[in-house]
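Architecture at a glance
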Amino acid sequence: MVDWRADPPSPSSTLRITRFHIARPQRKATCLNAAARSADKPHYSKADSMKIKDLLKKKRTISCEFFPPREADGIPNVMRAVQRVSAFNPDYVSVTYGAGGSTRAFTEEITTRVKQEADLEVMAHLTCVGQTSEEIHHVLERLDEAGIENVIALRGDPPRGETDFVPVEGGFQHATDLIEHIREHFTFGIAGACYPEGHVESVNMDSDLDYVKQKVDLGADFLVTQLFYDNRHFYDFMERAEKAGIDVPIVPGVLPILSAAQIRRFTSLCGATIPEDLDQRLDQFYDDDNAARDLGIEYATQQVQDLWDNGVPGVHFYVLNRSYAVSRILKNLALDGHTGDPSNTLGGPAR
Ligand SMILES: Cc1cc2nc3c(=O)[nH]c(=O)nc-3n(C[C@H](O)[C@H](O)[C@H](O)COP(=O)(O)OP(=O)(O)OC[C@H]3O[C@@H](n4cnc5c(N)ncnc54)[C@H](O)[C@@H]3O)c2cc1C
């Protein structure tokens, strides 16, 4: 399930980034010292797995998101993609929750296998779509029994072709309901989604932010953003969130562009915008996916460097089960042996 969201490069003219001052020492990704970049295994191993909210207190995180296959025979491919990415020592990976059917069971299976076999912390995605609260409760019980400690609680999108989200009878209407339920009945670490450019259905940016604040008040420990291509949107959102009293870490979600057509489709579905100069460059590569992907790597490298320099608490990559672009970006940023820089914890307001 990736079509609500959707990697590339270069000249600073391409990247319209407005610096947002965060009162903390500026550290470049390249400042990570050699020890911190060693290819050793991360010191957070399966044996001492922990909640992501606690990881975020200790270090800046790199995370990677995967999606379940449509058919069971696709699971080994996903596990191989996770394995390739694990070479870069991400702090955790997450597995999205499908719109329905068997892919949901695959989310549970992959999440559990990653936790048990890949020596990686994991976050399960869970949505309110097509299930009663009781059914969702059972999913949470199974995740708990499997030792999963982190969940991102989402509402989910309306089924394809429908514009309004209608819960099933006895189901949850909003992510806030799901977060409240999880906090009341379980001990999972909880993440919620937020939208630097506003959610597509939101009445306005202010009410959208009010609901994000509600998620935090009800128990979300941190937030992960929808994709965006102009860091200015993220920095503006951070400013508004801080004013609204949102005091949990907000982790930017980054999708390296893989093809021009794909990114235009994703952004139109999720309401994110493509900066004009990037859009014009994509025009040149409309029928050349390899060139678009290289542009994506160049662009995302700059985007993430800027975010990192500006003190973000972590970066969440929408990997789309393809490790090549993310591996190139992390190499470009000297983060390909990422173990985090424990001395680089964030001061000031938690972000
Ligand atoms: C990091 C991330 C991960 C995602 N993972 C998945 C996934 O695994 N599977 C999947 O299907 N989709 C996923 N999505 C997409 C997500 O399900 C859609 O964006 C969905 O349309 C909204 O989900 P939400 O949790 O933000 O919903 P909500 O927070 O419920 O918001 C939906 C809309 O309702 C409004 N709203 C929120 N709360 C209230 C309230 N209490 N009262 C009235 N209005 C309210 C908001 O302003 C918004 O317009 C993900 C999105 C992100 C950013």
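Before reading on, note that the structure itself is shown above.
An account of the accompanying structure is given in this report.

**Side note on the overall build of the chain**
- Along the chain, the regular secondary structure elements total eleven helices and eight strands.
- Of all 351 residues assigned to the chain, the portion counted as buried reaches 48%.

**Digging into the nonpolar core**
- Counting residues in each nonpolar core, the largest one holds 97 residues, and the members touching the most others are Val 151, Ala 153 and Leu 223.
- Look past the residues within four positions of Ala 153 in its chain and what remains in contact with it is Leu 126, Ala 175, Leu 178, Ile 179, Ile 182, Ile 190 and Gly 192.

**Comments concerning the packing of helix α2 (residues 75-86) against helix α3 (residues 102-117)**
- Their axes nearest at 11 Å, the elements α2 and α3 cross at an angle of 40°. In terms of orientation, α2 lies oblique with respect to α3. Like other packed secondary-structure pairs, α2 and α3 cross with a definite hand, here right-handed. Here Ile 75, Val 78, Met 79 and Val 82 of α2 lie close against α3, whose contacting residues are Phe 106, Glu 109, Ile 110, Arg 113 and Val 114.
- Partitioning the contact of α2 with α3 into residue classes produces seven nonpolar, no polar and two charged.

**Some remarks on helix α4 (residues 133-145)**
- Given a rise of 1.5 Å per residue, 13 residues ought to cover 18 Å, and the 18 Å separating the end C-alpha atoms of α4 matches this to within 8%.
- Taken together, the buried positions of α4 are occupied by Ile 136, Leu 140 and Leu 143. Mapping the buried residues of α4 onto a view down its axis gives an arc of 60°, with all of them on the same face. Among the exposed residues of α4, those oriented more than 90 degrees off its buried face are Glu 134, His 138, Glu 141 and Glu 145.
- The first or second residue beyond α4 is Gly 147, which carries a positive phi of 85°.

**Concerning the sheet that holds strand β6 (residues 222-227)**
- The strand order around the closed barrel built from eight strands is β1-β2-β3-β4-β5-β6-β7-β8, with neighbouring strands paired in parallel fashion. On average, each strand axis in the sheet is tilted by 25° relative to the strand beside it, whichever way the strands run.
- One ladder, built from five bridges, connects strand β1 (residues 61-66) with strand β8 (residues 314-318); its direction is parallel. Directly across from Cys 64, in β8, lies its bridge partner Phe 317.
- Strand contacts of helix α10 (residues 289-309): β7 (250-254) and β8, with the helix running at about 170° to β7, the strand carrying the most contacts.

**Regarding the site of the ligand**
- Inspection of the region around the ligand gives 26 residues, with Thr 96, His 125, Arg 155, Ala 175 and Ala 193 positioned closest.
- The element best represented in the shell around the ligand is helix α6 (residues 205-218), accounting for four residues.
- A per-class count over the shell around the ligand returns ten nonpolar, twelve polar and four charged.

**Describing the pairing of β8**
- Burial within β8 is extensive, with five of its five residues counted as buried.
- Neither face of β8 is open: one carries Gly 314, His 316 and Tyr 318, the other Val 315 and Phe 317, and all of them are buried.
- Where β7 lies against β8, two bridges are found, and the strand directions are parallel. Across the sheet, residue Val 254 finds its bridge partner in β8, namely Phe 317.

**Some words on the pairing of strand β4 (residues 150-153)**
- Of the two faces of β4, the one carrying Asn 150 and Ile 152 and the one carrying Val 151 and Ala 153 are both buried.
- One ladder, built from four bridges, connects strand β3 (residues 121-126) with β4; its direction is parallel. Within β4, the position partnered with Ala 124 by the bridge is Val 151.
- Handedness of the crossover joining β3 and β4 through α4 is recorded here as right-handed.
- Here three bridges tie β4 to strand β5 (residues 189-194), and the two strands are oriented parallel to one another.

**Quick notes on the packing of α10 against helix α11 (residues 323-332)**
- α11 packs onto α10 with a crossing angle of 45° between their chain directions and a minimal axis gap of 9 Å. Taken as axis vectors, α10 and α11 run oblique relative to one another. Seen from above, α10 lies across α11 with right-handed handedness. Within the contact between the two elements, α10 uses Arg 293, Gly 296, Ile 297, Ala 300, Thr 301 and Val 304 and α11 uses Ala 325, Arg 328, Ile 329 and Asn 332.
- Residues that form the contact of α10 with α11 fall into these classes: five nonpolar, three polar and two charged.

**Here we look at the environment of Gly 253**
- Relative to the helices and strands, Gly 253 is located in strand β7.
- For Gly 253, a count of 24 C-beta atoms within 10 Å translates into the label buried.
- For the pair formed by Gly 253 and Gly 314, sequence separation is 61 residues and the distance between their alpha carbons is 9.2 Å.
- In contact with Gly 253, not counting residues within four places along its chain, are Val 224, Thr 225, Gln 226, Leu 227, His 316 and Tyr 318.

**A look at the environment of Leu 143**
- For Leu 143, the position within the fold is in helix α4.
- A count of 23 C-beta atoms within 10 Å places Leu 143 in the buried class.
- Placed 34 residues apart in sequence, Leu 143 and Glu 109 show a C-alpha to C-alpha distance of 9.5 Å.
- If near-sequence neighbours (up to four positions away) are discounted, Leu 143 is found in contact with Glu 108, Thr 111, Ala 124, Ile 148 and Val 151.

Definitions and limits used
Residues numbered from 1 in each chain as written. Predicted model: local features only at pLDDT ≥ 70, side-chain atom pairs only at ≥ 80, totals over all residues. Helix = DSSP H or I, 4+ residues; strand = E, 2+ residues; numbered from the N terminus. Buried ≥ 20, exposed ≤ 12 C-beta atoms within 10 Å, placed from the backbone. Core = buried A, V, L, I, M, F, W, Y, C linked by C-beta atoms within 7 Å. Contact = placed C-beta atoms within 7 Å. Axes fitted to C-alpha atoms, helices over the stretch in contact; angles between N-to-C directions. Parallel < 35°, antiparallel > 145°, perpendicular 65-115°, else oblique. Left-handed = near helix turned anticlockwise from the far one by under 90°. Nonpolar A, V, L, I, M, F, W, Y, C, P; charged D, E, K, R; others polar. Expected span 1.5 Å × (residues − 1). Arc of directions from axis to C-beta. Pairing = 2+ DSSP bridges. Near = placed C-beta within 6 Å. Right-handed = clockwise from strand over helix to strand, strands pointing away.

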